[in-house]
Amino acid sequence: MTTRAANTQDLSHDFGRPWSTRRKDIYIWTTVAALVICVVPFAGVVLHWWDAEPAGFIAAALICGPIIIPMVVAWWDDPGETRTMLERFNEFMIVWIPITASSQVLWEITWLIGDLLGHMNLTAEDRWGWFWYFYGAADTRYLISDAGLFGMETVAAIGGCILLYNWLPLLRTKDDDRRRIRILWWCYFAFAMMTAVIIIYYVAEARDSFANIEQGFWGFALKFVFMNIPWMVAPVVSMLFIPKMMAVLYQRVYTGWSSFPQPTSSDPGARQPSADVH
């Protein structure tokens, strides 16, 4: 293989390729499952069918499945399918963004507003606030208006809004490499913010000797650690792959690369790669 052919192969990533039907079905069903896991316990607690705990522990354990499964499935190829690693990452990122952004918008922002209004000093008797109480019962910083935590969650919420704003454009961008580059810069910035937040979140509590963590082993292991693993892993993975993805896109833009085949004597009408670089 010539050097030119090898370089062309390196640039031949189809970031707009359709997802397989099997993976799309998994994404849909895990989304439905996540909604059910969030809504049913909340309704059960509010309507006095269940107590705040163990409903919180059960929901915390169950919700991890619909969050983690799509993250893993995005990397799997169907039989006969061959995607590049960057194509797999692109799907992983598009799947992960609505998961994390919905958390930041629906949970963090509402908590921030409630905390500002003085409504987040919750107890098990505040059934309307179970959605926030079940996690705050393990990390009590959420229930005592902790200023440091408020700052962290504000930054996380801003990052989530940035990702949510760029998600649909990223999903709909097919062959426009310049537009994809602009979107990826914003995504990288947001992931960097979230990475900093999760590090500070744990370092601050470790410095406090985990004094704010309650509910024993399961409060620590399940809620404080296990539920947050996706938010520890996904931003770091994204920050590793986005520069590689952008390197390919920049090279394609500034070399006039095109995925269209070169015309041959038998195919005089085939499209030429564009050499117009603005």
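Everything discussed here concerns the structure shown above.
Source: prediction; values computed, not measured. (Residues numbered from 1 in each chain as written. Predicted model: local features only at pLDDT ≥ 70, side-chain atom pairs only at ≥ 80, totals over all residues. Heavy atoms only, no water.)

Enquirer: Help me out: how do you make sense of the side chain of Ser20 in this one?
Expert: Tracing the sequence through the fold places Ser20 in the loop between helix H1 (3–11) and helix H2 (21–46). A polar contact of 3.0 Å, which involves the side chain of Ser20, links it to the side chain of Asp78. Those residues within four positions of Ser20 in sequence are excluded, and the remaining contacts are Asp78 and Glu81. (Helix = DSSP H or I, 4+ residues; strand = E, 2+ residues; numbered from the N terminus. Polar contact = N/O pair within 3.5 Å; in protein donor to acceptor, adjacent residues only side chain to side chain. Contact = heavy atoms within 4.5 Å.)

Enquirer: How should H2 be read in this particular structure?
Expert: For an α-helix the count is 3.6 residues per turn, leaving residues at separations of three or four pointing the same way. A rise of 1.5 Å per residue sets the reference length of H2, with its 26 residues, at 38 Å; its end C-alpha atoms lie 38 Å apart and thus fit the reference within 8%. Regarding H2, the residues found buried are Arg23, Tyr27, Thr30, Ala34, Ile37, Pro41, Gly44 and Val45. Tucked inside the fold, the buried residues of H2 contact helix H3 (52–73), helix H4 (85–116) and helix H5 (130–136). Just downstream of H2, His48 is the residue with a positive phi angle, here 65 degrees. (Expected span 1.5 Å × (residues − 1). Buried < 20%, exposed > 50% of the residue type's maximum accessible area, 1.4 Å probe, protein only.)

Enquirer: I would appreciate a short explanation of a nonpolar patch on the surface in the present structure.
Expert: A surface patch of nonpolar side chains, amounting to about 920 Å² of accessible area, comprises Ile28, Trp29, Val32, Val36, Val40, Val46, Leu47, Trp49 and Trp50. Within the element layout of this structure, Val32 appears in helix H2. (Patch = residues over 30% accessible without salt bridge, like charges linked within 9 Å, V, L, I, M, F, W, Y side chains within 5 Å. Areas by Shrake-Rupley, 256 points an atom, 1.4 Å probe, with all protein chains shown as cover. Salt bridge = Lys/Arg side-chain N within 4 Å of Asp/Glu carboxyl O.)

Enquirer: When you look at the nonpolar core in this model, what are you seeing that I'm missing?
Expert: A general tendency of soluble globular proteins is for nonpolar side chains to be buried together. Judged by nonpolar contacts, the single largest core of 71 residues is most densely connected at Met93, Trp96, Leu184, Phe191, Tyr201, Ile242 and Met245. Broken down by secondary-structure element, the contributors of at least two residues to this core are H2, H3, H4, H5, helix H6 (147–172), helix H7 (177–207), helix H8 (216–225) and helix H9 (229–254). (Core = buried A, V, L, I, M, F, W, Y, C linked by side-chain atoms within 4.5 Å.)

So, to be careful, I would describe these as geometric facts and stop short of saying anything about function.
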